[in-house]
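So the chains spell out like this:
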Protein chains: 2
Amino acid sequence: MSLRYAVLAALLEGEASGYELSKSFDVSLANFWPATPQQLYRELERLAGDGLVASRVVRQERRPDKRMFTLTEAGRAELGAFAGRPPKRPTAVRDELLIKVQAMDGGDPDVTRVLIEERMDRVRGKLDRYRRLRDRLLDGRAEDEYLATAERVGPYLTLMAGIGFEEQNLRWCERALLVLARRVPLG
Amino acid sequence: MSLRYAVLAALLEGEASGYELSKSFDVSLANFWPATPQQLYRELERLAGDGLVASRVVRQERRPDKRMFTLTEAGRAELGAFAGRPPKRPTAVRDELLIKVQAMDGGDPDVTRVLIEERMDRVRGKLDRYRRLRDRLLDGRAEDEYLATAERVGPYLTLMAGIGFEEQNLRWCERALLVLARRVPLG
DNA sequence: CGCACCTATTCAAATAATTGAGTATGTGAG
DNA sequence: CTCACATACTCAATTATTTGAATAGGTGCG
C-alpha cells in the first residue's frame, strides 16, 4: 500500500514519466522504499485508474512515446491524509550481509572481512552521491539559510536520514573489522 | 532465499521449535531479516525436506506437542558456504515514516512532529531491549575481555549493528524535530 | 558493422509475504 | 467465570515482489 504514496510523493517534484520516475526513485525514495520499474509502472496504472494521477502521452521524435503523469487534486489530498496518519508497519531492514556475519563463527573470519570491505566500498559510493545531492540542494547556502527559505524540507530531511544511515553503516564496518582483526591476528 | 539461511543461522544457537524460533527471531535476526511465524514454519518444512535440518516430535504433558529442529551437517555446510558468498541483494530499508516526511510539505508540520515523537518512543524501547541483551551477553565482562574469550562474535556484531542503527535513528529524529520547530515557532 | 547500452514500456510466470482465521490446551488476573 | 494471553501450530486466500523476456528505435565506440 505504501508504494502508492511513495509514487505520489515522488510526483510532488513535478510531472514525470514512468521511466523518469524509476530513475529519480533510485536516488531518493528508493533509499527508504525500494521499487523496481515494473512496480512503478503498475502502480501508476492503478493510480490513474483511481484518479489520483492524470496522464498524457507525449510524442517524441527520436525516442519512443512516453506517458507523463501529474498529481491530481484528489491525489494531493490522499497524500496529505496519508502523511498525517501513523505508519502501519514498523521500519524493516533487510541486510543479507548481517545474516552472513551472524553465521560466520566456525568459518574463516578473513572471508567475512572481505565481505565487509566490499560493503564499505559500496557505502562510500552511496555517501558520495548523497553528499553531492545535498550540495546541489543547498547550492552554496548554509543549512540554516536553506531551511529558513526553502519551500520544502521533506526531501532534505529524508536525505539527511540517508546520509546518517550510511555514515553509521561505515562506523559499524570499521568496528567490525577491528573485532575481526583481533580474532585472527596477522602473521 | 535468504530467509532460508537466516533460519539456519538461528539454529546455530541450538535446537528449537518453530514457536521458539519465532520468539528468538524477534529479538535478533528479525532486526535485519524480518519474518512472520508463518514464514518460519514454511521455511522449516522446506529445510527439513532438503535435509538441512532434522526434526523430532517432543510430546508434552500440559502443552501441545512440538517439533524440535536441529541443524544437520549438510545444513551447517550450506550455511558456511552462504556466509562466504557476497550478498546477492543490496541492503533494503522500508520506512513508511520517511515517505510521510518526504510528503509533509504543504501539510501541518506539527502533525509530522507527533509522528516523529512516536517513532522516538519506539526506538528508545528497542534500544533498551538491545542494551539489556548486550549486558546479558557481556555478563559483567568488558567488551575486550568478552571478544577475547567468546566462541562466537557474529551475534555480538549484529547486535552492535542494531544498537548503532537505532542510536542513529534517534539522532535523526532529534535533528528533524529541531528543523520542524524552526519551521513553525511556538506561539 | 557489430555490440553494448539508453530510452520507454509491457507481459507473464514464479516466488515470497501478508492477513485472517482455525485448532487445541493451559495459566493467571480480576 | 470470563477474558486475555501463552503455547504450538496449520490452512487458505490474497497481495506483493522478483525475474526474465519481448518490443522497438537511438546513440556511441572501435
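Everything numeric here is computed off the predicted structure, so don't read it as measured data.

Enquirer: Quick question: what am I supposed to make of the sheet that holds strand β1 (residues 16–17) of chain A here?
Expert: What links the strands of a sheet is backbone hydrogen bonding, and the strands pair in either a parallel or an antiparallel sense. Residue and element names in this part refer to chain A. Spatial ordering of the open sheet is given by β1-β3-β2, a layout of three strands whose pairing is antiparallel. Lying at the two open borders of the sheet, with one neighbouring strand each, are β1 and β2 (53–58). Here β1 runs beside strand β3 (residues 66–71); their pairing, made up of two bridges, is antiparallel. What sits directly across from A16, in β3, is F69.

Enquirer: So what exactly am I meant to see when it comes to the packing of helix α5 (residues 96–103) of chain A against helix α1 (residues 2–11) of chain B here?
Expert: Two numbers describe a pair of packed helices, the interaxial angle and the distance between the axes. As a packed pair, α5(A) and α1(B) sit with axes 9 Å apart at the nearest point and diverge in direction by 25 degrees. In terms of orientation, α5(A) and α1(B) fall into the roughly parallel class. Two packed elements cross with a definite hand, and for α5(A) against α1(B) that hand is left-handed. Taken together, the residues of α1(B) that come into contact with α5(A) (itself represented by A:E96, A:I99, A:Q102 and A:A103) are B:S2, B:Y5, B:A6 and B:A9. Of the residues contributing to the contact of α5(A) with α1(B), the split by class is five nonpolar, two polar and one charged.

Enquirer: What is the right way to look at the sheet that holds strand β3 (residues 66–71) of chain B in this model?
Expert: All names here are of chain B. Taken in spatial order, the three strands line up as β1-β3-β2 in an open sheet, and their pairing is antiparallel. This sheet does not close on itself; its edge strands, each paired only once, are β1 (16–17) and β2 (53–58). As defined by bridge partners, β2 adjoins β3 across six bridges and the pair is classed as antiparallel. Residue pairing across strands places V58 opposite K66, the latter belonging to β3.

Enquirer: Hey, could you run me through the packing of aromatic side chains in this one?
Expert: The geometry of an aromatic ring pair comes down to the distance between the two centres and the angle between the two planes. Applying the stated criterion across every chain, the model contains five aromatic pairs over all chains. Here B:Y146 and B:Y156 contribute two aromatic rings whose centre-to-centre distance is 5.2 Å and whose plane-to-plane angle is 45 degrees, an arrangement assigned as tilted. Here B:Y146, found in helix α7 (residues 143–149), pairs with B:Y156, found in helix α8 (residues 154–183); they are ten residues apart in sequence, far enough to count as distant. With respect to burial, B:Y146 and B:Y156 carry one shared label: buried. In this structure, B:R94 packs its charged tip against the face of A:W33, placed 4.9 Å from the ring centre. Of note, B:K100 hangs over the ring of A:F82, and the distance from its end group to the ring centre comes to 3.5 Å.

Enquirer: Would you mind showing me how to read empty space enclosed by the protein here?
Expert: Gaps between atoms show up when a probe of the same size as a water molecule is rolled over them. Inspection of every chain in the model, using the stated rule, returns three cavities of 30 Å³ or more. Of the voids in this model, the largest cavity is the one considered here, and its volume is about 210 Å³. Contributing to the lining of the largest cavity are 16 residues, with A:D95, A:L98, A:F165, B:A161 and B:F165 lying nearest its centre. Taken together, the elements giving at least two residues each to the lining of the largest cavity come down to α8 (154–183) of chain A together with α8 of chain B. Looking at side-chain class alone, the lining of the largest cavity contains eight nonpolar, six polar and two charged residues.

Enquirer: Got a minute to help me understand the UniProt feature "domain: Transcription regulator PadR C-terminal" (unreviewed entry) in chain A in this structure?
Expert: According to UniProt, the positions carrying the feature "domain: Transcription regulator PadR C-terminal" (unreviewed entry) are residues 93–180 of chain A. Taken as a whole, residues 93–180 of chain A contains 82% helix and 2% strand, while its terminal C-alpha atoms sit 24 Å from one another.

Quick notes on the rules
Residues numbered from 1 in each chain as written. Chains lettered and ligands numbered in written order. Predicted model: local features only at pLDDT ≥ 70, side-chain atom pairs only at ≥ 80, totals over all residues. Heavy atoms only, no water. Pairing = 2+ DSSP bridges. Helix = DSSP H or I, 4+ residues; strand = E, 2+ residues; numbered from the N terminus. Axes fitted to C-alpha atoms, helices over the stretch in contact; angles between N-to-C directions. Parallel < 35°, antiparallel > 145°, perpendicular 65-115°, else oblique. Left-handed = near helix turned anticlockwise from the far one by under 90°. Contact = heavy atoms within 4.5 Å. Nonpolar A, V, L, I, M, F, W, Y, C, P; charged D, E, K, R; others polar. Phe/Tyr/Trp six-rings, centres within 6.5 Å; stacked < 30°, edge-to-face > 60°. Buried < 20%, exposed > 50% of the residue type's maximum accessible area, 1.4 Å probe, protein only. Lys NZ or Arg CZ within 6 Å of the ring centre and 35° of its normal. 1 Å grid on protein atoms, 1.4 Å probe; cavity = no way out; pocket = protein on both sides within 12 Å on 5 of 7 lines; lining within 4 Å. Points joined across faces, edges and corners; volume = space filled by probe spheres on them. UniProt positions renumbered as here; feature names shortened; annotations may be inferred.

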